Amino acid sequence: MNIIPHFDISRQHQKLRPALDDAYDRVLSKNWFVLGEEVKAFEKEFGEYLGVKHCIGCGNGTDALELSLKAAGIKTGDEVVVPANTWVSVAESVINVGASPVFADALPGEYTIDPASVQRCISKTTKAVIVVHQYGQPVHLNELLEIRDAHKLVLIEDCAHAHGAVYRGKNVGTSGDFGCFSFYPTKNLGCLGDGGAVVTNSDEYAATVRLVGNHGQPVRDVHKVAGRNSRLHELQAAFLRLKLPMLDQWNTRRRSIATQYMHGLDRSMYRLPQMGDSDYAVFHQYVIQTDDRENLIRHLDRGGVGAAIHYPALIKEIFPYQSFRTDPEGLLVGSSEKSNILSLPMFPELADDEVQKVIHTLNNFRG
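Predicted model, so just to flag it, every value in this text is computed and none were measured.

Parameters and conventions
Residues numbered from 1 in each chain as written. Predicted model: local features only at pLDDT ≥ 70, side-chain atom pairs only at ≥ 80, totals over all residues. Heavy atoms only, no water. Helix = DSSP H or I, 4+ residues; strand = E, 2+ residues; numbered from the N terminus. Rg over C-alpha atoms; globule rule 2.2 N^0.38 Å. Buried < 20%, exposed > 50% of the residue type's maximum accessible area, 1.4 Å probe, protein only. Contact = heavy atoms within 4.5 Å. Areas by Shrake-Rupley, 256 points an atom, 1.4 Å probe, with all protein chains shown as cover. Lys, Arg positive; Asp, Glu negative; His and termini not counted. Charge placed at Lys NZ, Arg CZ, Asp CG, Glu CD. Phe/Tyr/Trp six-rings, centres within 6.5 Å; stacked < 30°, edge-to-face > 60°. Lys NZ or Arg CZ within 6 Å of the ring centre and 35° of its normal. Pairing = 2+ DSSP bridges.

A. Local environment of the overall build of the protein. Check the secondary structure of the protein and you find twelve helices and twelve strands. Taking 21 Å as the expected radius of gyration for a compact globule of 367 residues, we find that the protein reaches 21 Å, a close match to that expectation. Over its C-alpha atoms, taken along the principal directions, the protein stretches across nearly 65 × 55 × 35 Å. For the protein, the residues scored as buried account for 57% of the 367 residues in total. Taking the intrachain contacts of the protein between residues at least 6 apart in sequence as the baseline, contacts between residues at least 24 apart amount to 72%. Here the protein displays about 15500 Å² of accessible surface, and carbon together with sulfur accounts for 51% of that area. Between the mean site of the 38 positive side-chain charges and the mean site of the 44 negative ones, the protein shows a separation of 2 Å.

As structure tokens, then:
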């Protein structure tokens, strides 16, 4: 049986293998692996692509969040509002700077943070909000920017799912105070290991992020602050430079696959993601909802179709995070949807006949 995987990076790398080999050889020939020309070039190119003033490479997407919080001065005693229905890194990064996460609910069917829930979570000690462009769907940035300005908060955009996504004419990551990107291999723009970046239009924030991420050194052996080691590797930057020009093409293909799902799937059987009219989503994942997930997964497995769950539990329910505050009205949407969500196969190299097989297999499910 021909298996259709949920994700397959090997197809992309098979096509790019000669160019990846060339990038590897280029870095190896220079014998310079940290803070070199490849990183500088990628920072410039990715910043220009996004239309943002500063781009600073770092070790990974979680580091990008933590460096942003540190640059914003978030510390012990502060609270940071975060979404409850996403990966743990948003809460992890807050705790790692000594602050406390407060969990907000999601918008039904959109999976992004609910601005009204954010508003309810704000207290006298709230200093920042982290929003996640979940599954590649932009959050409602205009409403969140109004909340930020009204309460004098810092707004951090987690763009790990959303390289190239656009909200009302602007690339995500460029409207808040910070944009944080992961280049983990499965992302829309991924390297061949860990990698990340912080983007910002603030000169002061950019300087602090760069300083803290390089052991607090403005120059070698001069340490202005107690920093840490979080730097994008030269080799990963070279791979990212190779892939960046293809990002829009890959995202267009993701949208094409999503369109086939939207038109082909039986809406009497499945709840499909709701999309904002003015948003340009990039479909890091295509997530449906079903009332019979376990049996559906078994049916897909028998039919040779891969699927995944992003994410099976709210962060608030995971042991290290259970003691922190939530929206006083609860996490009703996230709690309702977590048991129903299912991520379908989604990557640019997925062929149309494979997409149609996924649709056919789903529509033939009888429980």
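B. Structural view of the packing of aromatic side chains. By the definition in use, this model includes eleven aromatic pairs. Between Phe42 and Phe183 the ring centres are 5.4 Å apart and the planes differ by 85 degrees, which places this aromatic pair in the edge-to-face class. Here Phe183 lies in the loop between β8 (178–182) and β9 (196–200) and Phe42 lies in helix α2 (residues 37–50), a separation of 141 residues in the sequence. Taken as a pair, Phe42 and Phe183 share a single burial class, namely buried. Summarising the aromatic geometry, the rings of Tyr261 and Tyr286 are spaced 5.1 Å apart at their centres and angled 40 degrees between planes, so their arrangement reads as tilted. Pair noted here: Tyr261 is in helix α9 (residues 247–264) and Tyr286 is in strand β11 (residues 286–289), with a separation of 25 residues, a long-range link. By the burial criterion, Tyr261 is buried, and Tyr286 matches it. An aromatic cluster of at least three residues, connected via ring pairs, comprises Phe42, Phe46, Tyr49, Phe181 and Phe183. A cation sits over an aromatic face here: Arg255 above Tyr280, 4.3 Å from the ring centre.

C. Quick look at the sheet that holds strand β6 (residues 166–167). Strand order in this open sheet of three strands is β7-β6-β10, and the pairing throughout is antiparallel. Two strands close off the open sheet at either side, each with one partner strand: β7 (170–171) and β10 (279–280). When β6 meets β10, the two strands line up antiparallel, connected through two bridges. Bridging across to β10, Tyr167 finds its partner in Asp279.

Keep in mind these values describe shape, not function.
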